[in-house]
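Letter by letter, the chains look like this.
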Amino acid sequence: MAKVQLYVYDLSNGLAKQLSRQLTGRQIDGIWHTSVVVFGKEIFYGQGICITQPGMSHHGKPLQIVDMGETSIDEETFNEYIEEMRSHYTADKYHLLDFNCNSFTNDCVGFLTGGSIPSWIKDLPSDFLSTPFGAALRPTIDAMFRRPVPGAAPAATPQMQMPAPETLSAAASASPNPALASALLQAVASQAYSSGSLSAPTPSTFPTSSSPSGSNNGSATVAGSIHMCTNPSSLHSLLQTHRAAVVLFTSPTCPPCRMIEPVFEDLAHQKTHGSGSGRVAFVKVDLSVGMGNQVAGEWGVRVTPTFLFFLDGKKIEEMKGANGAELRSQVDMLLYQAFPPHPHTKLSLPAVEALSTNPILFTQVPNWETVSTKLASFIDAAPSSAELQTAKQALTAAVVPLLKTRFPEKGSPAEAAKKPAFSALAPLLASWASTTTKIASVLPPAQLFPLVDMWRLAVLDEGVANWLATGPTPDPLQLFLDKALEVLESVDPAQKSGARNYLLTVLRTLANGFSHAALSKTLLSRAASSGSGKRAPMTRAVIAALLHDDAAVRTAAASLAFNVAAALQKSRVEKLRGVTPGTVPVEVEEDEEWEVELVSAVLEALSNETQSEEVVHRLTAALAFLLRLSPFYESQLASLLEVLQSRETLKGKLAKGGCGENGVQKPEVRKLVAEVAEKLCA
């Protein structure tokens, strides 16, 4: 019996552990590379299958050594297996996420011991891709490791292409820290382009031979779409981690296999990219490689090509032969069973569909002299200090003149939007943020509204919004939110009424934050630990403000609730259309508890609102967007709507006294309220 070990290396050299939460909103401890150590050799996959003495590869000393047990297979049999595997694990098939060193070691461990490598290694790509940043980066990685199309001559090395700067920028914008992500991606892309592979070693690095440069026709595989399984263990592992799977059993001497394989590859690419990413596995088992015959025997496969269709690990259908039309039909049927369409896709909702998902913005430009004078009077009335006077001077001399230029009082918001963003932005904004913090530490919230009003207009500038999206220190938006929550959650009615203007401007500032994608993502992000995510405090503020005594505050809160719901709705619609994850302008992470809380708050606010038709309109639109296409509609929201008597609440707004003396009057609002009540709250 020979001992089998797994050598684990971190390709990021510790950077993933340090930066992953900032970049992805999730902790990722390493970018794992693994190799198998058995019979006194270290074997791994990169530029083909490579063999060296244990610990002598270019990766250096392993970060961790995992004991995988013992094998009863002799060295000669294992060597024969490795030689067979060389035709599958060729350099041109390498893909950082889907067909990499860990795919190879999982196959080897399965052959040697019948086990598999640890899930924290296997699941790393899916964990990474489940983040908005990972999903946005997927097309970039696919572009780096683009395969030749079927029928083209295979290459000896991975065909790398340097992604365009705008592609890297788009991927970086999905991160909670776009600036850091962009810098890292540029470095990664540059390394990949110059070396030909992110982790593939150079053959000359090793004292023993690597794989031959040639490859068979099987290497012309669509990038990152098809899993290769050479033993029962690796197939079982795939079936456990994918709800749906399609397995092709093939052999090199089978002419019908060569006919149907391009169709299979095309289907794999279609169904595993875009909205299907990570949901279904397409698997190829070659009976001539490794333990392929044993895999076939386990499932009763005697002829090739044979296709097996799995749902939740159980075989539900089998197809023999090279019928492309039938294969497409069977795959579609499997995916329909595994991932049935949302029931709302069958509803006719003309009033809801007519709603714009564009954010409600507050773009009115104030009289800047009045704003500046008002703030200065509050500062002058406060206990005098040199620091406070310096802050006032900084605002008067630098910030206000800049705002006047960028947002002239006589110009329209549309004209202001066409103007170039602030220049020399970061130093100016950092100084302004510090000034804001100093003033806010002295003045009470009731006197801060002129200062907040300056930021309300400033966030409409793309450069300012992008800077705020990074979660700077100090962070003006977080400061304003914290003070707004102090007011809203105070038990002193006088404090709430006295700070009415402050609450109004903070809510409008947050609503304006949805004018640009980067800041929208920060406002909707749960990644509070990175210092940028503001979903939780913003939600608390919205819920409390929806019940405020002042109608203008409720209108601003309803507008902010609408912007949140509209971003969520837009994200759902784009995913339903099959847009590649990460390319949605604002991809919102669904959260059952959060959405239940929002729906409950909106319904309570609707129930209480008897004065403003505008508030009823915005709240009903927000409710429609929160409910429509929700993944939690059937499991949670439907029963909640019944318990909260949502239909009765909405229909009550149409009756006399429900909203104003005669109920909602505008025809388009009445139509929307009735449609949401009858179809989404049914």
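Quick note: structure is the one above.
Thresholds applied
Residues numbered from 1 in each chain as written. Predicted model: local features only at pLDDT ≥ 70, side-chain atom pairs only at ≥ 80, totals over all residues. Heavy atoms only, no water. Helix = DSSP H or I, 4+ residues; strand = E, 2+ residues; numbered from the N terminus. Buried < 20%, exposed > 50% of the residue type's maximum accessible area, 1.4 Å probe, protein only. Polar contact = N/O pair within 3.5 Å; in protein donor to acceptor, adjacent residues only side chain to side chain. Contact = heavy atoms within 4.5 Å. Pairing = 2+ DSSP bridges. Patch = residues over 30% accessible without salt bridge, like charges linked within 9 Å, V, L, I, M, F, W, Y side chains within 5 Å. Areas by Shrake-Rupley, 256 points an atom, 1.4 Å probe, with all protein chains shown as cover. Salt bridge = Lys/Arg side-chain N within 4 Å of Asp/Glu carboxyl O. Lys, Arg positive; Asp, Glu negative; His and termini not counted. Charge placed at Lys NZ, Arg CZ, Asp CG, Glu CD. Disulfide = S-S within 2.5 Å. Axes fitted to C-alpha atoms, helices over the stretch in contact; angles between N-to-C directions. Left-handed = near helix turned anticlockwise from the far one by under 90°. Nonpolar A, V, L, I, M, F, W, Y, C, P; charged D, E, K, R; others polar.

Enquirer: A description of the side chain of Asp591 should follow, citing residues and the corresponding values.
Expert: Tracing the sequence through the fold places Asp591 in the loop between α25 (551-576) and α26 (592-608). Given a relative accessible area of 16%, Asp591 falls into the buried group. In terms of polar contacts, Asp591 uses its side chain to reach the backbone amide nitrogen of Trp594, at 2.8 Å. Excluding residues that lie within four positions of it along the chain, Asp591 makes contacts with Arg526, Arg535 and Phe632.

Enquirer: For the pairing of strand β2 (residues 32-38), give the residues involved together with the corresponding values.
Expert: A large share of β2 lies buried, amounting to 7 of its 7 residues. Relative to β2, strand β1 (residues 2-10) is paired through 6 bridges, and the arrangement is antiparallel. Its bridge partner being in β2, Tyr7 is matched across the sheet by Ser35. In terms of strand pairing, β2 meets strand β3 (residues 41-46) through 3 bridges, oriented antiparallel. Each residue of the ladder has a partner; that of Val37, found in β3, is Glu42. Between β2 and β3, which pair antiparallel in sequence order, lie 2 residues; one of them, Phe39, sits at a positive phi of approximately 55°.

Enquirer: Account for a negative patch on the surface, naming residues and giving values.
Expert: Together, Asp74, Glu76, Glu80 and Glu84 line one region of the surface with negative charge. Inspection of the secondary structure puts Glu84 in helix α2 (residues 75-85).

Enquirer: Can you break down the state of the cysteines residue by residue, with the values?
Expert: One pass over the structure, following the stated rule, counts 1 disulfide. Through a disulfide, Cys254 is tied to Cys257; the S-S separation comes to 2.4 Å. Taking the torsion about the sulfur-sulfur bond, which here is approximately 85°, the covalent link between Cys254 and Cys257 counts as right-handed. On the accessibility criterion, Cys254 (6% relative accessible area) is buried.

Enquirer: Tell me about the packing of helix α20 (residues 476-488) against helix α24 (residues 535-545), and please be specific about residues and values.
Expert: Here α20 crosses α24 at 40°, and the two axes come no closer than 10 Å. Every pair of crossing elements has a handedness; the one defined by α20 and α24 is left-handed. On the side of α20, the interface is formed by Gln478, Leu481, Leu485 and Leu488, while α24 contributes Pro537, Met538, Arg540, Ala541, Ala544 and Ala545.

Enquirer: Give me the pattern of salt bridges: which residues, what numbers.
Expert: All chains considered together, the criterion is met by 25 salt bridges. With its nearest N and O atoms 3.8 Å apart, the salt bridge here joins Glu265 to Lys284. A residue pair is termed long-range when its members are at least 10 positions apart, and Glu265 in helix α10 (residues 255-272) and Lys284 in strand β8 (residues 280-286) qualify at 19 residues. Taken together, the salt bridges that share partners define one network made up of Glu261, Glu265 and Lys284.

Enquirer: Which residues make up the packing of helix α17 (residues 425-440) against helix α19 (residues 462-469), and what are the values?
Expert: Contact geometry of α17 with α19 gives a least axis separation of 11 Å together with a crossing angle of 65°. Two packed elements cross with a definite hand, and for α17 against α19 that hand is right-handed. Along the contact surface, α17 presents Leu425, Ala426, Leu429, Ala430 and Ala433, while α19 presents Gly463, Val464 and Trp467. The residue makeup of the contact of α17 with α19, split by class, is 7 nonpolar, 1 polar and no charged.

Enquirer: Tell me about the sheet that holds strand β5 (residues 64-71), and please be specific about residues and values.
Expert: Strand pairing in a sheet relies on backbone hydrogen bonds. The paired strands run either parallel or antiparallel. Strand order in the open sheet formed by 5 strands is β4-β3-β2-β1-β5, and the pairing between neighbours is antiparallel. The outermost strands of the open sheet, each flanked by one partner alone, are β4 (48-52) and β5. Strand after strand, the sheet turns through a mean of 25° between neighbouring axes, direction not considered. Each of β2, β3 and β4 is contacted by α2, which is oriented at about 15° to β3, the strand it contacts most. Helix-sheet contacts for helix α3 (residues 101-113) involve β1, β2, β3, β4 and β5, and the interaxial angle to β2 is about 30°.

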